[in-house]
Structure formats: C-alpha cells, structure tokens
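Descriptive analysis of the structure
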Amino acid sequence: MELKSVIEARRSIRRFRPDPIPEEHIEQILEAARLAPSGGNTQPWRFILISSPAAREKLQELTLGFVAAAPLTIACCTDLEANRAYRERYRELLQARAFEGVQLKMPEGASPGDAAMNADQLKGYLNLNTAIAVEHMILRATDLGLGSCWVMMFDRKKLADWLELAPNLAPVCLLPLGYADQQPLPRPRKGLNEIVLKTV
Ligand SMILES: Cc1cc2nc3c(=O)[nH]c(=O)nc-3n(C[C@H](O)[C@H](O)[C@H](O)COP(=O)(O)O)c2cc1C
C-alpha cells in the first residue's frame, strides 16, 4: 500500500479473527521496528512475543479481554540502560558517516544528552524511542492487512513478574496483532486549525 493509504486505513482494532499470522509477516513487522529512528541511535526497544494458548490465557489476568483474543501480542519494553552504550552507538554513527558535513556543536542548554536528565526524564526519553518503533510496527502491520491496537491498560507489575523481566526492562505497551474481525469507521480527530498553533 502507498504510505498515505496505510496511514488512512489504520484503526485501533479490538476484535480479532483467530487465524494465525504468517511467520514472514511477523518478521517484517519486527523488521519495521528495527529500522525505526532513535535518539543517538540508542535503539532501546525490546520485544517479547506472546502467542501460545497458555500465554494468551495468562494475558487475560493482566489486561483488557480483547488482547488475549489476538493470535499474537507483542509486549513492547524499553531497556532503561540502553543509553549506557551511548559512546558505542556514537562511534557506529561516525563510522556510517551520519554526521558528514554537519556542525555538531550545540547552542548552550540544547544538549539532549542523558547527563542532563534525571531517571524519570531518561525513562520518558527512552520510552519515546520505543513508541516510535511501536508505531512503525503498527503501520507495517496495517500494510500487511493486519489489525492492531496500542494497549497501555495493563498491570505492569504482573506482566514483569510473569515474563521475568530484568529490572532494566520497563514495559511500555502491549501490541495485539491479528486479522481484524471488525471494520471500524475513522475515529474523530481535531482539525488542523486546532493543532497547528501558528507559523512564525
Ligand atoms: C499511547 C496509546 C495508548 C493507548 N492505550 C489504549 C488502551 O489501553 N486500550 C485501548 O483499547 N486503546 C488504547 N489506545 C487506542 C486509542 O484509544 C485510539 O488510538 C484512539 O481512540 C483513536 O482511535 P484509532 O486508533 O482507531 O484512530 C491507545 C493509543 C495510544 C496511542
């Protein structure tokens, strides 16, 4: 599909058919996440694939009922320590000539570096990057004819305990995926006049 059509066709899907998702589609969806941009190329996103009947049943205990009906749910997490490899990522970017011809000296106070952030700010910053990867997956899934839904309503503690997540892994959202069993109308949106404040 053309990107514009994908963006227009995407809906939050909350009713799924039981049909399994072809493996190659799952790979392509994960590949779309892998290619997402991230601050300093940190790539803090980490994923756990939940698809066995037993695991899906377990999901019912910790999130909205419709999630467990999807043949696959991706638990999308952030590695809160991903920024520790900042220098390595920077070296890779230099090797890839990412900054060729670019003046990297920043105005004072403009540094996005983690040195200036407290733990909460850093978590917010890293989660932002994971969110971009999630949306890449959602758009690729739409492109492949699959439905999905961002789900942030879930018991984070229960999920972390169940999946035995290391303390540095923070769950961001659940992403149920499958063939839609509904064809929702477009959901309401604000007009451009409400979201574009001004041109200066
Ligand atoms: C960050 C985020 C969190 C969301 N969390 C939930 C959720 O927990 N449960 C749910 O049913 N939908 C959730 N949604 C879906 C929104 O309700 C939905 O995107 C919005 O109503 C617009 O509908 P549309 O996605 O079909 O355009 C979430 C969406 C986003 C972007």
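Note that the structure is a prediction, hence the values are computed from the model and not measured.

Judged by side-chain polarity, Tyr86, Tyr90, Leu94, Val102 and Leu104 come together as a nonpolar surface patch covering roughly 440 Å² of accessible area. With respect to the helices and strands, the residue tyrosine 90 is situated in helix 5 (residues 86–95). A relative accessible area of 32% places tyrosine 90 in the partly exposed class.

Next up on the list: the pattern of salt bridges. Applying the stated rule across the entire model yields 11 salt bridges. Across the salt bridge formed by aspartate 143 and arginine 140, the nearest N and O atoms sit 2.6 Å from each other. A residue pair is termed a helical-turn pair when its members lie 3 or 4 positions apart in one helix, as aspartate 143 and arginine 140 do in helix 6 (residues 119–143) at three residues. Two residues, aspartate 161 and lysine 157, come together in a salt bridge whose shortest N-O distance is 2.6 Å. Of this pair, aspartate 161 and lysine 157 both sit in helix 7 (residues 156–162), four residues apart, roughly one helical turn. If you follow the salt bridges from partner to partner, you end up with Glu88, Arg89 and Glu92 in one network.

Attention shifts here to the site of the ligand. Surveying the vicinity of the ligand reveals 13 residues, the closest of which are Arg10, Ser12, Arg14, Arg187 and Arg189. At 2.6 Å, a side-chain N or O of serine 12 approaches an oxygen atom of the ligand. Residues belonging to the shell around the ligand are distributed by class as follows: seven nonpolar, one polar and five charged.

If you trace the backbone, tryptophan 45 turns up in strand 1 (residues 45–50). Spatially, the C-alpha atom of tryptophan 45 lies 29 Å from that of aspartate 181, the residues being 136 residues apart in sequence. Residue contacts for tryptophan 45: discarding those within four places in its chain leaves Ala33, Arg34, Ala36, Pro37, Ser38, Cys77, Asn129, Thr130 and Ala133.

This part covers the sheet that holds strand 2 (residues 72–79). Judged by pairing direction, the sheet is antiparallel, and its four strands sit side by side in the order 1-2-4-3 without closing on themselves. What marks the edges here is a single partner per strand, and that holds for strand 1 and strand 3 (147–148). Where strand 2 and strand 4 (residues 169–178) come together, eight bridges link them in antiparallel fashion. The residue bridging cysteine 76 from the neighbouring strand is cysteine 173, located in strand 4.

Between the first and last C-alpha of helix 6 there are 36 Å, a value that for 25 residues agrees with the 36 Å anticipated at 1.5 Å per step. Regarding helix 6, the residues found buried are Leu122, Leu126, Asn127, Asn129, Thr130, Ala133, Val134, Met137, Ile138, Ala141 and Thr142. Here helix 6 starts with a cap whose side-chain oxygen sits 3.0 Å from the backbone nitrogen of aspartate 120, and that cap is asparagine 118. Looking one or two residues beyond helix 6, the residue adopting positive phi is glycine 145, at roughly 85°.

Parameters and conventions
- Residues numbered from 1 in each chain as written.
- Predicted model: local features only at pLDDT ≥ 70, side-chain atom pairs only at ≥ 80, totals over all residues.
- Heavy atoms only, no water.
- Patch = residues over 30% accessible without salt bridge, like charges linked within 9 Å, V, L, I, M, F, W, Y side chains within 5 Å.
- Areas by Shrake-Rupley, 256 points an atom, 1.4 Å probe, with all protein chains shown as cover.
- Salt bridge = Lys/Arg side-chain N within 4 Å of Asp/Glu carboxyl O.
- Helix = DSSP H or I, 4+ residues; strand = E, 2+ residues; numbered from the N terminus.
- Buried < 20%, exposed > 50% of the residue type's maximum accessible area, 1.4 Å probe, protein only.
- Near = heavy atom within 4 Å.
- Polar contact = N/O pair within 3.5 Å; in protein donor to acceptor, adjacent residues only side chain to side chain.
- Nonpolar A, V, L, I, M, F, W, Y, C, P; charged D, E, K, R; others polar.
- Contact = heavy atoms within 4.5 Å.
- Pairing = 2+ DSSP bridges.
- Expected span 1.5 Å × (residues − 1).

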